[in-house]
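Remarks on the overall topology
Residue-level listing of the chains:
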Amino acid sequence: MQVLPLGLWLDLLGTFVFGLSGGMLAVRRELDVFGITVLAVAAALAGGMLRDIALGATPPAAFADGCYLVAALGSALCAFFGHRLIARLNKPVMILDAIGLGLFAVSGCGKALSFGLDPLPAVVLGILTAVGGGTVRDVLVAEVPRVLREEVYALAALLGALVVVLGAALDLNEGWTAAAGVAAAAAFRIVSVWRGWQAPRAPRSR
Amino acid sequence: MQVLPLGLWLDLLGTFVFGLSGGMLAVRRELDVFGITVLAVAAALAGGMLRDIALGATPPAAFADGCYLVAALGSALCAFFGHRLIARLNKPVMILDAIGLGLFAVSGCGKALSFGLDPLPAVVLGILTAVGGGTVRDVLVAEVPRVLREEVYALAALLGALVVVLGAALDLNEGWTAAAGVAAAAAFRIVSVWRGWQAPRAPRSR
Amino acid sequence: MQVLPLGLWLDLLGTFVFGLSGGMLAVRRELDVFGITVLAVAAALAGGMLRDIALGATPPAAFADGCYLVAALGSALCAFFGHRLIARLNKPVMILDAIGLGLFAVSGCGKALSFGLDPLPAVVLGILTAVGGGTVRDVLVAEVPRVLREEVYALAALLGALVVVLGAALDLNEGWTAAAGVAAAAAFRIVSVWRGWQAPRAPRSR
C-alpha cells in the first residue's frame, strides 16, 4: 500500500475523501446517522477491499489495519456535522476527490504488479480499486454509478494506472512513478471537470 | 461458526429466517419460483459469504457445509407455499429475524476475532455479516437496502458485536458472551421496532 | 477452466458473448464509450471472478490470464462500432448467449468439484458463475437482474450443472460430460425462449 514515502498518510487521505463523498450523498438522500455511516464506510473501503479480495490478500488492508476504519468513520462524522460547510467547499472537495481517485488507481495497480499480475490485469485492478467504492456507494442507493454517468472518470484512473505499468516496465524509481501516476490522474480529472469534456457515444445514439 | 453449544442449529435457524425474508420479498414483487429461490438464497447466505471471503476462509461455510444451502432452499420452499401464512405471522417472523440479526453479528465478530483481527475491524465485520444478506437481497430488486432505511437495524448488530469484543477483552466464557451478544442485539431490535425508535438525521435535513 | 479439449477457446467465446450483452445494454441506455466498456467487462468477467474468489482461487482466472480481458474489451469495441448490426442479429446472439450460459455453468460446477466441494454447493456455484455476470451488469444500471425476471434462465444453468455432477458421480469421461452439460443447458434455454415457457408463481399472486 505504501507506494510513496508518505504512502499511508496519502492512502488515509484518499479513504477519508471517498468516505466524505458517501456521507454527503447520504445527507442529500436524507438518511439518518447510521445510513450516513454505512455509505461513508462503503465508499471509503469497498474499492480497496475488492482489490485485496481479488488478489487473495486477506484480510484486506481495511480490516488488517484499524487506521482505515478510523478514517472512514471520521468522514461519516464530518459529513453528519459539517455537511453544510462541505457542500459550500465543492471545489476543494472535487480536487481532493480527484487526488483520491489517482491514489487508489496507483496503489491498486502497484499492488497488483507486486502480486505478479500482468500489466493489463494490473491496470484493470487499479481502475477497479479507484471506482469500486463509488460504485458500491451509488448501487446502495439505487443510482446508476458515477463511473457509468461521468464520462472521463474511469479514463483518469486508467491514466494513473498506465503510468505505474509504464514505470515498472522501464524500471523507473517506484516512488516517483507513483507520484507521477497520481498527478496525471488527478490533473486529468480536474481539467476534464473544469472543461466539461465528454466521451464519444456509440454512433447511432447521438 | 459454532459459537454456542447449539451453535450450528442456531446458525441454520438464522439462515432459514433470513432466507424467508428474501423469499417473502420475492413473493411481494410477484417473482416466479426461481426468483423466490434466488432471493431467498442470496438473503440467507450473502452475509456469511462476505464474512468468509473477507477473512480468506474459503470456500465459505455456506459452500463447505451443505446444511446451509438446504436451510436456504427450505426457506424458499416455505415462502413459495406458505407465504399467506407467513405474512399473517409478521410478529413471530420479526422476532426470529431479530434473533437472526444477533446470531449473525455475533458469529461474524467472533470468527473475525478468531482470525486475529483487531476489535474495531471485528465489530465492522460482525455488522457486515448481519446486514450483508439483506443488503444484497434489496439491491437485487433495485430497492434501497433496509440497513439504510430502517434506522436502528445496524445499531442492533453493532450492540451484539460489541458484547463479543468486550467479552473477549475481559476473557469471559465464550459461550455465555455469545449468548449475551445475541440476546442484547435481538432485544434492542425488538424494542426499537415496538417503540418506533428513530435515529437522528443530519442537522439541516430535519 | 479447460473443461473441453477446446476449453479455453470456448471459455473465451462465452466471455465475449456475455461481454456483448453488457455492451449492448450500455448502448441502449445511451452510455458513452467508457460506460460500454465497464458494463461489457463486468458482464463478461464478474461470474467467473465470483466463482474463483469463493473458491479461494486467487487471482481469478480473469486476472491471471490476460486473454479473458482481451475478449471482454473486444466485445466492448464490437458493441460500440457494431451495435446496429448486432441488434439485427438478435437470434444468433441469443443462441450464443445460451451456449455461454451452458459453458459458464459447466465450468463453474466442474471447478467447484475439482476444489473438493460437495455436489449441492458445486451446483449452486455453477449457477452463480453462469448468472453472476449478467446480475452485476443489471444491478449497475439499477435494473432488476434478468435471473429474477426471465423465468427459466437459472433453470437452464441448473440443468447444465446437474449433468456435470451426475457425470462425476458416475465417473464418466469429463470432456463428454462437460459437452453434454453445455448442450443440455443451451438447448433448454433456446427452446424455452422459442416456446415462451414460464415458471410457476407463488399461489396467491396469480
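Residues numbered from 1 in each chain as written. Chains lettered and ligands numbered in written order. Predicted model: local features only at pLDDT ≥ 70, side-chain atom pairs only at ≥ 80, totals over all residues. Heavy atoms only, no water.

Quick word on the interface of chain C and chain B
Here is the rule: Residues are treated as being in contact if the distance between any of their heavy atoms lies within 4.5 Å. Note on terms: buried area is the combined drop in 1.4 Å-probe accessible area of two parts once they are placed together, counting the loss on both. By definition here, a salt bridge exists when the distance from a side-chain nitrogen of Lys or Arg to a carboxyl oxygen of Asp or Glu is within 4 Å. Two N or O atoms form a polar contact when they lie within 3.5 Å of each other; inside protein one atom must be a possible hydrogen donor and the other a possible acceptor, and for residues adjacent in sequence the pair counts only when both atoms belong to side chains. By definition, any uninterrupted DSSP run of H or I lasting at least four residues is a helix, any uninterrupted run of E lasting at least two residues is a strand, and each is numbered from the N terminus. Three categories are distinguished: nonpolar for Ala, Val, Leu, Ile, Met, Phe, Trp, Tyr, Cys and Pro, charged for Asp, Glu, Lys and Arg, and polar for the others, with Gly belonging to the last.
Contacts between chain C and chain B engage 27 residues on the former and 29 residues on the latter. When chain C packs against chain B, the two sides together hide about 2,400 Å² of surface, and 74% of this comes from carbon and sulfur. Inspection of the chain C/chain B interface yields zero salt bridges. At the boundary of chain C and chain B, one finds zero residue pairs in polar contact (both at pLDDT 80 or more). Looking at the side of chain C that touches chain B, the elements with two or more residues in it are α2 (33–55), α6 (119–140) and α7 (146–149) of chain C. When residues of the side of chain C that touches chain B are assigned to their parent elements, the largest contribution, six residues, is made by α6(C). Of the residues belonging to the side of chain C that touches chain B, the class tally is 20 nonpolar, three polar and four charged.

Examining the nonpolar core
Our working definition: Within this scheme, the nonpolar core is defined by two criteria: the residues are buried Ala, Val, Leu, Ile, Met, Phe, Trp, Tyr or Cys, and they are joined through side-chain atoms within 4.5 Å. Whether a residue is buried, partly exposed or exposed follows from its accessible area with a 1.4 Å probe, protein chains only, as a fraction of its type maximum: under 20%, in between, or over 50%, in that order.
Among the nonpolar cores identified, the biggest contains 185 residues, and A:Leu45, B:Leu45 and C:Leu45 are the most heavily contacted of them. In terms of residue count, the dominant contributor to this core is helix α2 (residues 33–55) of chain A (11 residues). Ignoring any residue separated from it by four or fewer positions in sequence, one finds B:Leu45 in contact with B:Thr15, B:Ala62, B:Tyr68, B:Leu69 and B:Ala72.

Structural notes on the UniProt feature "domain: Glycine transporter" (unreviewed entry) in chain A
This is how the line gets drawn: UniProt positions are given in the numbering used here, feature names are shortened, and annotations may be inferred rather than shown by experiment.
Per the UniProt annotation, the sites labelled "domain: Glycine transporter" (unreviewed entry) are residues 8–83 and 95–166 of chain A. Summarising residues 8–83 of chain A: 87% helix, 0% strand, and an end-to-end C-alpha distance of 26 Å.

Focus: the relation of the copies chain C and chain B
The test is simple: Residues reaching a pLDDT of at least 70 in both copies supply the C-alpha atoms on which the copies are superposed by least squares.
Rotating chain C by 120 degrees and translating it 0.0 Å along the rotation axis places it on chain B, where the RMSD comes to 0.0 Å. A rotation of that kind, with that shift, is consistent with a three-fold axis. In terms of C-alpha distance to the rotation axis, chain C has C:Ala142 as its closest residue, with the C-alpha 3.4 Å off the axis. A distinct binding surface is used by each copy, with only 11% of the interface residues of chain C retained as interface residues in chain B.

Overview of the UniProt feature "transmembrane region" (unreviewed entry) in chain A
Residues and elements named next belong to chain A. According to UniProt, the feature "transmembrane region" (unreviewed entry) maps to residues 6–26, 33–50, 62–82, 94–114, 120–140, 152–170 and 176–197 in the numbering used here. Within the segment residues 152–170, helix and strand shares are 89% and 0% respectively, and the terminal C-alpha atoms sit 27 Å apart. In residues 176–197, helix accounts for 91% and strand for 0%; the two terminal C-alpha atoms are 28 Å from one another.

Digging into unusual backbone geometry
With an omega of -10 degrees, the peptide bond running from B:Thr58 to B:Pro59 counts as cis. At A:Glu30, a position not held by glycine, the phi torsion is positive, near 60 degrees. Of note, A:Glu30 is situated in the loop between α1 (7–28) and α2. The class for A:Glu30 is partly exposed, based on a relative accessible area of 46%. Notably, C:Ala142 is not glycine yet its phi reads approximately 60 degrees, a positive angle. Relative to the elements of secondary structure, C:Ala142 occurs in the loop between α6 and α7.

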